[in-house]
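Structure at a glance
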Amino acid sequence: MTTPSDPFAPEPTPGYGASPPGYGDPFPGGAPGGVPAGGPFGQPGGPELAGWGSRVGASLIDATPFIGAAVLGLVSDALGLIANLAAFVFFFYNLYQQGVTGQTIGKKTVGLSLRTEADGSFVGGGLSIGRAFVHILDALPCYVGYLWPLWDAKKQTFADKILKTVVVKV
């Protein structure tokens, strides 16, 4: 006995089960934001990892609003308060942008990008902001975590290792 076919069943897709073009490479031709596709981070063919000096330079650029707020605070308490509030708002906006685009203003200026270690994708706004708080662990053992990229093979801070992120050159 034959069962009638379902008149509402979707038509089979031609080539069902075949891999789509470029399958296996999450970023054929290069990842978004200019990080080239290739081997794993730190390996031949992979994106070049950012050096410690350029990371420090990007951090100093990102700290400029707080430096300006401190100077304004010397002039007037009210100006200092307003400037510090504005600096904090900008700080979180900058971190959110880093999660979405891979770059803060400082990273963009020196040509760096924050990416996930696994596939080179952007980390997202929430993880980027959370990463700033995880950086507290870098400071706990006499700031050794911030110096860790000087000798680490993947040039990661403690926060990068915990969150599985890397900073690469773009």
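Residues numbered from 1 in each chain as written. Predicted model: local features only at pLDDT ≥ 70, side-chain atom pairs only at ≥ 80, totals over all residues. Heavy atoms only, no water.

Of regular secondary structure, the chain possesses 8 helices and 2 strands. Its helices and strands in sequence order give the chain the pattern α-α-α-α-β-α-α-α-α-β, from N to C terminus. Of all 170 residues assigned to the chain, the portion counted as buried reaches 30%. Of the contacts made within the chain by residues no fewer than 6 positions apart, 61% connect residues no fewer than 24 positions apart. (Helix = DSSP H or I, 4+ residues; strand = E, 2+ residues; numbered from the N terminus. Buried < 20%, exposed > 50% of the residue type's maximum accessible area, 1.4 Å probe, protein only. Contact = heavy atoms within 4.5 Å.)

Attention shifts here to the nonpolar core. Core analysis: the biggest nonpolar cluster contains 6 residues, these being Ala50, Ala58, Leu112, Leu114, Val123 and Val167. In this structure Val167 touches Leu49, Ala50, Arg55, Lys107, Leu112, Ser113, Leu114 and Arg131, once residues within four positions along its chain are discounted. (Core = buried A, V, L, I, M, F, W, Y, C linked by side-chain atoms within 4.5 Å.)

Inspection of the secondary structure assignment puts Gly130 in helix H5 (residues 125–134). Gly130 gets classed as partly exposed once you look at its relative accessible area, which sits at 26%. Sequence separation between Gly130 and Tyr96 is 34 residues; the distance between their C-alpha atoms is 9.9 Å.

A word on the pattern of salt bridges. Applying the stated criterion across every chain, the model contains 5 salt bridges. Between Glu117 and Lys154 there is a salt bridge, with the nearest N and O atoms lying 2.3 Å from each other. Placement of the pair is Glu117 in the loop between strand S1 (112–116) and H5 and Lys154 in the loop between helix H7 (144–147) and helix H8 (158–163), with a sequence separation of 37 residues. Between Asp160 and Arg131 there is a salt bridge, with the nearest N and O atoms lying 2.8 Å from each other. Of the two residues, Asp160 is situated in helix H8 and Arg131 in helix H5; the sequence distance between them amounts to 29 residues. The exposure class assigned to Arg131 is buried, which follows from its relative accessible area of 6%. Counted as one network, the salt bridges with shared partners bring together Arg55, Arg131 and Asp160. (Salt bridge = Lys/Arg side-chain N within 4 Å of Asp/Glu carboxyl O.)

Our focus in this paragraph is unusual backbone geometry. Even without a glycine there, the phi angle at Cys142 is positive, about 60 degrees. You can call Cys142 exposed: its relative accessible area is 67%. Even without a glycine there, the phi angle at Tyr143 is positive, about 65 degrees. Its location among the elements puts Tyr143 in the loop between helix H6 (136–139) and H7. Accessibility expressed as a relative area gives 54% for Tyr143, which makes it exposed.

With that settled, the discussion passes to the environment of Gln156. Looking at the element boundaries, Gln156 is found in the loop between H7 and H8. C-alpha separation for the pair Gln156 and Gly51, spaced 105 residues apart in sequence, amounts to 9.7 Å. For Gln156, the side chain forms a polar contact with the side chain of Lys161, separated by 3.2 Å. (Polar contact = N/O pair within 3.5 Å; in protein donor to acceptor, adjacent residues only side chain to side chain.)

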